[in-house]
Amino acid sequence: MKPRCICSGILFADVACWPIDHLPVAGEMIETERIELNLGGCASNVALDLSKLEVPVILSGYVGDDAFSDFILKAVAAPGVETSLVGRVPNAGPGTAMHINVQGQDRRFVCTTGANDDYTIDNGLRGIVVETGKSEPKTKVLYLGGFLMLRSLENEATAQFLRLARENGWKTVLDVVPYGKRNYWDAVRPLLPYVDIFMPNDTEAELICGKKDSIEQAKCFLEAGAKTALITQGEKGTLYYSDDLKFQADIFRTEFVSGAGSGDAFAAGLIAAMLEDLSPEECITWGSALGASCVRGVSTTGSVFTRREATEFLKENRLAIKTFG
């Protein structure tokens with residue numbers, strides 16, 4: 001079967017604690033119910049979440065050659081996830097993050113990018129984009145996740161790869177993870193003319209373009225060439241902004257344990273709906289449902305809905321959407 005979705009970008013191993021009541025001070029030991037080793041990283045999370053939605057994907061990224069890297073490869077070996085384009089970097093560890101979860105607070109991270117620093121778009125991936133573009137008439141999605149944590153992709157070649165994908169019939173989705181203190185705009189702006197959906201959260205968008213208001217952020221990204229800006233805003237919901245359609249969507253409220261992976265689950269739901277040629281409102285609804293399912297657990301993927309669960313949830317729940325402009 002020809003792939004209709006490619007997930008490329010960062011692959012991570014996550015070490016996460018169950019929620020604690022406060023951050024420890026120097027020298028203090030805090031008890032937590034459990035500490036878990038889980039899958040992390042935008043590309044790997046989205047690929048695994050899409051597998052739960054019965055969407056076959058090709059995963060492309062780099063890991064190292066240590067035990068954490070072995071764990072990532074085992075974790076993504078799910079039905080429908082093709083991993084032949086996952087490379088190994090000798091004498092390196094993978095992207096790794098520690099998640100510190102405090103009750104009632106947003107998640108905190110300590111991380112290293114590891115082998116992700118070396119990830120590049122190779123000819124094998126370009127070949128799949130061209131070959132599938134010629135042979136698959138249905139909607140196809142190329143997702144690039146974790147940009148700005150992928151230093152070797154911050155060049156003209158990445159923009160041209162996205163252009164190649166668009167020319168071969170792929171819809172392109174760009175997600176970011178700002179990393180380090182630097183000028184992000186110069187890295188992001190050259191890619192936007194070849195991006196169908198640019199989907200930072202509002203904090204990331206402010207770091208990239210310097211604007212606080214989400215509508216102003218969206219306008220900035222459209223002026224730079226993006227076809228659609230999709231800005232997630234935590235409890236405030238999601239802003240969808242294009243030349244043709246502008247709306248603000250609410251969120252589905254579920255039991256909250258940790259926000260880790262919720263943005264990736266949102267992306268998976270969005271992509272799954274895009275592949276079925278659903279309306280933008282329905283795509284955001286599917287994304288919001290998957291995101292809401294993710295926050296019920298500590299793992300970035302463990303509590304994410306399957307297709308059956310998502311379908312049942314959406315039969316009983318409706319997302320509030322307000323069109324404007």
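One numbering rule holds for all chains: residues counted from 1, following each sequence as written. Predicted model: local features are reported for residues with pLDDT of at least 70 only, side-chain atom pairs are reported and counted for 80 or more only, and whole-chain, interface and lining totals are derived from all residues. Values shown for side chains rest on all heavy atoms present in the structure; no hydrogens or waters enter the calculation.

(A) Here's a closer look at the environment of R296. Mapped onto the fold, R296 is located in the loop between α9 (280-294) and α10 (307-316). Three labels apply to residues, based on accessible area from a 1.4 Å probe with only protein chains included: buried if under 20% of the type maximum, exposed if over 50%, partly exposed otherwise in between. Judged by relative accessible area, R296 falls into the partly exposed class, the value being 32%. When the C-alpha atoms of R296 and P56 are compared, they prove to be 25 Å apart, with 240 residues separating the residues in sequence. Contact between two residues is taken to exist if any of their heavy atoms lie within 4.5 Å; hydrogens are not considered. Apart from residues lying up to four places away in sequence, R296 is in contact with T254, E255, V257, S303 and F305. Side-chain atoms alone can form a polar contact between residues adjacent in sequence; in general such a contact is a pair of N or O atoms within 3.5 Å, and within protein one must be able to donate a hydrogen while the other accepts it. Within the structure, the side chain of R296 is placed 2.9 Å from the backbone oxygen of S293, a separation counted as a polar contact. Side-chain polar atoms of R296 contact the backbone oxygen of S303, separated by 2.5 Å. In this description a helix means any DSSP run of H or I spanning at least four residues, a strand means any run of E spanning at least two, and both kinds are numbered starting from the N terminus.

(B) Expanded view of unusual backbone geometry. Unlike most non-glycine residues, N91 shows phi in positive territory, near 55°. Examined against the element boundaries, N91 turns out to sit in the loop between β5 (81-88) and β6 (95-100).

(C) Summary view of the sheet that holds β6. The strand order across the open sheet formed by four strands is β3-β2-β6-β7, and the pairing between neighbours is mixed. Unpaired on one side and paired on the other, β3 (35-40) and β7 (108-112) mark the two borders of the sheet. On average, adjacent strands in this sheet sit at an angle of 20° to one another, irrespective of strand direction. By this definition, two strands are paired if DSSP reports at least two bridges between them. Inspection of the sheet shows β6 paired to β7 by five bridges, in the antiparallel sense. Axis definition: a line fitted to C-alpha atoms, over the contacting stretch in the case of helices. Angles run 0 to 180 degrees between N-to-C directions.

(D) Looking closely at the packing of helix α6 (residues 202-209) against helix α7 (residues 214-223). Taken N-terminus to C-terminus, the directions of α6 and α7 make an angle of 55°; their axes are 10 Å apart at the nearest point. Relative to α7, the element α6 is oriented oblique. Judged by the sense of rotation from one axis to the other, the crossing of α6 with α7 is left-handed. When α6 is examined against α7, the residues D202, A205, E206, I208 and C209 are found in contact with a partner set consisting of S214, Q217, C220 and F221. Residues belonging to the contact of α6 with α7 are distributed by class as follows: five nonpolar, two polar and two charged. By definition in this entry, angles of less than 35 degrees are roughly parallel, angles greater than 145 are roughly antiparallel, angles of 65 to 115 are roughly perpendicular, and the rest are oblique. We call a crossing left-handed when the near helix sits turned anticlockwise from the far one by less than a right angle, and right-handed when that turn is clockwise. Classification convention: Asp, Glu, Lys, Arg as charged; Ala, Val, Leu, Ile, Met, Phe, Trp, Tyr, Cys, Pro as nonpolar; all other residues, Gly among them, as polar.

(E) Layout of the nonpolar core. Only buried residues count toward a nonpolar core, which is a set of Ala, Val, Leu, Ile, Met, Phe, Trp, Tyr and Cys residues joined through side-chain atoms within 4.5 Å. Counting residues in hydrophobic clusters, the biggest one holds 106 residues, and the most contacted among them are L50, F147, F198 and F221. Among the elements that line this core, the one with the most residues is helix α8 (residues 262-275), at 10 residues. Not counting residues up to four positions away in its chain, the partners in contact with F221 are W185, L192, F198, P200, A205, I208, C209, A226, A229 and I231.

(F) Local environment of the packing of α8 against α9. The contact between α8 and α9 brings their axes to 7 Å, and the two run at 145°. Here α8 runs over α9; the crossing is right-handed. When α8 is examined against α9, the residues S262, A265, F266, G269, L270, A273 and M274 are found in contact with a partner set consisting of E282, C283, I284, W286, G287, S288, L290, G291 and C294. Counted by class, the contact of α8 with α9 contains 10 nonpolar, five polar and one charged residues.

(G) Quick look at the sheet that holds strand β4 (residues 57-63). The 10 strands are arranged β5-β4-β1-β8-β9-β10-β11-β12-β13-β14 in an open sheet whose pairing can be described as mixed. Two strands lie at the open edges of the sheet, namely β5 and β14 (321-323), each paired on one side alone. The pairing of strand β1 (residues 5-9) with β4 spans three bridges and is parallel. Bridge pairing in β4 links S8 to S60. Lying on the sheet, helix α1 (residues 42-52) is in contact with β1, β4, β5 and β8 (140-147); it crosses β1 at an angle near 155°. Against the sheet, helix α4 (residues 156-167) touches β8 and β9 (170-176), its axis set at about 145° to β9.

(H) The arrangement of the packing of aromatic side chains in detail. Two rings from Phe, Tyr or Trp (for Trp, the six-membered ring) form a pair when their centres are within 6.5 Å of each other. A pair whose planes differ by under 30 degrees is stacked, one over 60 is edge-to-face, and the rest are tilted. Applying the stated rule across the entire model yields seven aromatic pairs. With 5.3 Å between their ring centres and 85° between their planes, Y62 and Y119 make a pair best called edge-to-face. Of the two residues, Y62 is situated in strand β4 and Y119 in the loop between β7 and α3 (123-135); the sequence distance between them amounts to 57 residues. Of the two residues, Y62 and Y119, both sit in the buried class. Relative to F313, the ring of F305 has its centre 5.2 Å away and its plane inclined at 45°; by these criteria the two rings are tilted. Of the two residues examined, F305 and F313, each falls in the buried class. Placement of a charge over a ring requires the Lys NZ or Arg CZ to be within 6 Å of the ring centre, with the centre-to-atom vector within 35 degrees of the ring normal. Here K246 stacks its cationic end above the ring of Y241, 4.9 Å away from the centre of that ring.

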